[in-house]
Amino acid sequence: MTRTTEQAKMDAGGQSSHNAGLGFATRSIHHGYDPACFSNAVQTPVFLNSTYGFESVAANEAAAALGGRLYAREYNPTTEILETRLANLEGAQAGLVVASGMAAFSALTLSLLSQGDELVVHKTLYANTLAMVEQAFPRFGIKVVAVDLADPSGMDEAITDRTRLVFFETPVNPLSRILDIGSIAERAHARGVKVAVDSTFASPALQRPLEHGADIVLHSLTKYINGHGDALGGAILGDTETLHTLHETGLRYITGAALSPMSAFLILRGLKTLTLRMERHSATALAVAQALQAHPAVAWVSYPFLDSHPDQAIARRQMSQGSGMMAFGLHAGFEGARLMMDGLGLITRAVSLGDADSLIYHPASLTRARKRLRKDAHLADGVGEDLMRLSVGLEDANDLIADLRQALDVL
Ligand code: PLP
């Protein structure tokens, strides 16, 4: 079946056209897919073809005119279902999925920014996004202005007539600080600048930045949206015009970083349990954060829904729950963090986040190790040598708390 036939069937009454008014969890399972359009398969088929064959030159031309649906880098039925579903869940007009979260950031920025343009970013970013804005953009003549967006008034000076985009994460990796999407978007829009938010730490089950005034949302699908630690992926969601540009330039010839259809299938499968998983991640993380806070070896805990969190009011306004991510530090600092982590029996020492397995990582240790390879490796602004990032998984809360306690008790 050609894509045109599938689309015609979906448009003529497939399930996706009957989804208006359905709840988030229901849409995360059904939106954009009708078994009747795919040989009645209830789960999404995986199209592993690299190219498409046509019955005539005229049919080939017609497919090209539809937006180049000729080749798997630019079109795949499995990945298209994921794009449609994610756009729906974020409340966006359109979506693009790519090979990783970093591919999403590069497709976005390298499509929208040119030499001489300026990008305003929050001062603390995911380590590789930071590396890209610090190391790569200056080589391409793109100026990056890092500001503390916790005070959105700082943008007034940072934005110039060359600023094309404001970009930030919330919650912020790895600090779990929260930035106020509405206030930042209001100030940026007053100056005619678009706002893109990396919402990876929250997922659309807990936070939908477009509802708060952002223009574009980014995700590392590798994290909560897939949720099982077995696939890499990235997504960009926003208005039709911008997404068309990102598809036609960013994916097609700037990065070429297409998502594997097999990964798209796994991510669609993960998405079906996103609502349930985020509820459990959030409830367990709150219990873990409270237990950590009560332990005498712990100096500080940053979890958005803790009463002690400085941004708790913003978090409760723009997120429905706190998610599974937290940062904390010990009185014993850098060495204490290493000792404590080596004492863990259940929680896995690993980078990444959002999996069923709880994962813990110590940025300062890994940055020291990386410095041997790259002299310019450094911790992001605000990340102390003592900071540990914990991604609370789906295990029993009591088991996680017991594991942390026994590792802390020996300090
Ligand atoms: N954005 C955030 C907030 C992240 O934490 C990460 C990865 O850890 C990325 C983007 C990059 O995603 P990926 O690892 O899928 O390239």
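All of these numbers come straight from a predicted model, not from anything done at the bench. (Residues numbered from 1 in each chain as written. Predicted model: local features only at pLDDT ≥ 70, side-chain atom pairs only at ≥ 80, totals over all residues. Heavy atoms only, no water.)

Engineer: Any chance you could break down the sheet that holds strand β9 (residues 325–330) for me, citing the residues and the numbers?
Structural biologist: Ordered in space as β8-β9-β12-β11-β10, the five strands form an open sheet in which the pairing is mixed. The open sheet has two edge strands, β8 (298–302) and β10 (348–349), and neither has a second partner. As paired elements, β10 and strand β11 (residues 359–361) share two bridges and run parallel to each other. For R349, the partnering residue across the bridge sits in β11 and is I360. Sheet strands touched by helix α11 (residues 274–294): β8, β9 and β12 (388–391). Its angle to β9, the strand with the most contacts, is close to 10 degrees. (Pairing = 2+ DSSP bridges. Helix = DSSP H or I, 4+ residues; strand = E, 2+ residues; numbered from the N terminus. Contact = heavy atoms within 4.5 Å. Axes fitted to C-alpha atoms, helices over the stretch in contact; angles between N-to-C directions.)

Engineer: Could you give an account of the sheet that holds strand β1 (residues 94–98), naming the residues involved and the relevant values?
Structural biologist: Across the sheet, seven strands lie side by side as β1-β7-β6-β5-β4-β2-β3; this open sheet has mixed pairing. A strand with exactly one partner marks an edge of an open sheet, and here the two such strands are β1 and β3 (143–147). For this sheet, the mean inter-axis angle between neighbouring strands, taken without regard to orientation, is 20 degrees. On the sheet, helix α4 (residues 77–90) packs against β1, β6 (216–220) and β7 (234–238) and is oriented at approximately 130 degrees with respect to β1.

Engineer: Could you give me a rundown of the packing of helix α5 (residues 101–112) against helix α6 (residues 127–136), with the residues and numbers involved?
Structural biologist: Helix packing for two helices is described by the angle between their axes and how far apart those axes are. Put simply, α5 and α6 touch, their axes get as near as 10 Å, and they point 30 degrees apart. Taken as axis vectors, α5 and α6 run roughly parallel relative to one another. Read as a crossing pair, α5 and α6 show a hand that is right-handed. Only N128, T129, M132 and V133 of α6 make contact with α5, whose side of the interface consists of M102, F105, S106, T109 and L110. Taken together, the residues of the contact of α5 with α6 break down into five nonpolar, four polar and no charged. (Parallel < 35°, antiparallel > 145°, perpendicular 65-115°, else oblique. Left-handed = near helix turned anticlockwise from the far one by under 90°. Nonpolar A, V, L, I, M, F, W, Y, C, P; charged D, E, K, R; others polar.)

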